[in-house]
Amino acid sequence: MRKSIVLTSIILGIPFLTTNMIQLVEKQPTPQPIEKIEIKPIQTENLINALISVESRGNDKAYCKSEEAVGCLQIRPIMVREVNRILKIQGNKKRFKMKDRWNRDKSIEMFNVWKGYHHSNSTGEQIARNWNGGPKGYRRKSTINYWMKVQKYLNQNGEN
């Protein structure tokens, strides 16, 4: 009997609800507005300090031979080329040299050029993980530990 009523109501286009269905609809909780989670923006200077701490422990003369990474931010040759490419696109005549990686101010300047071009609206996590893992670094599992070290520095120094 029940099947024939359902089939008849479907064929005739008549809505068919059983009392169980009505009770289920009535018992559904009213959706509550989702609380917005406030994500505090990380100040660029604080993030840079954290990256310098994680990358080189603040040592401007840090050198990793296997990666050719140099200076306080452990900048590789490919990053110098990328920053110079960005400057060219922007119509800026300035160019960095490989030796500039040893200079803290110039390293920070290169970081800011890269960040401004690729990460003007990114979170601190995306910036840090891409700095460590390249253009898709924020997706790589291998950069999670790096981000945790950056966060630890930020938290310990009241910069987060």
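All figures in this text were calculated on a predicted structure; none of them were measured in a lab.

Draft legend 1. Representation of the confidence of the model for the protein within the structure. In this model, the protein carries an average pLDDT of 83, and 72% of its residues clear a pLDDT of 70 or more. Confidence, expressed as mean pLDDT per element, reaches its minimum in the protein at helix 1 (residues 2-12) with 50 and its maximum at helix 4 (residues 77-89) with 97. Contacts for the low-pLDDT stretch residues 33-40, under 50 throughout, to residues beyond four places or in other chains number one contact.

Draft legend 2. Spatial organisation of the layout of surface pockets. Estimated volume of the largest pocket: approximately 580 Å³. At the level of elements, helix 3 (44-56), helix 4, helix 5 (104-118), helix 6 (124-133) and helix 7 (144-156) are the ones that each hand at least two residues to the lining of the largest pocket. Looking at the lining of the largest pocket element by element, the count peaks at four residues for helix 6. Looking at side-chain class alone, the lining of the largest pocket contains 11 nonpolar, eight polar and five charged residues.

The rules behind each value
Residues numbered from 1 in each chain as written. Predicted model: local features only at pLDDT ≥ 70, side-chain atom pairs only at ≥ 80, totals over all residues. Heavy atoms only, no water. pLDDT = per-residue confidence, 0-100. Helix = DSSP H or I, 4+ residues; strand = E, 2+ residues; numbered from the N terminus. Contact = heavy atoms within 4.5 Å. 1 Å grid on protein atoms, 1.4 Å probe; cavity = no way out; pocket = protein on both sides within 12 Å on 5 of 7 lines; lining within 4 Å. Points joined across faces, edges and corners; volume = space filled by probe spheres on them. Nonpolar A, V, L, I, M, F, W, Y, C, P; charged D, E, K, R; others polar.

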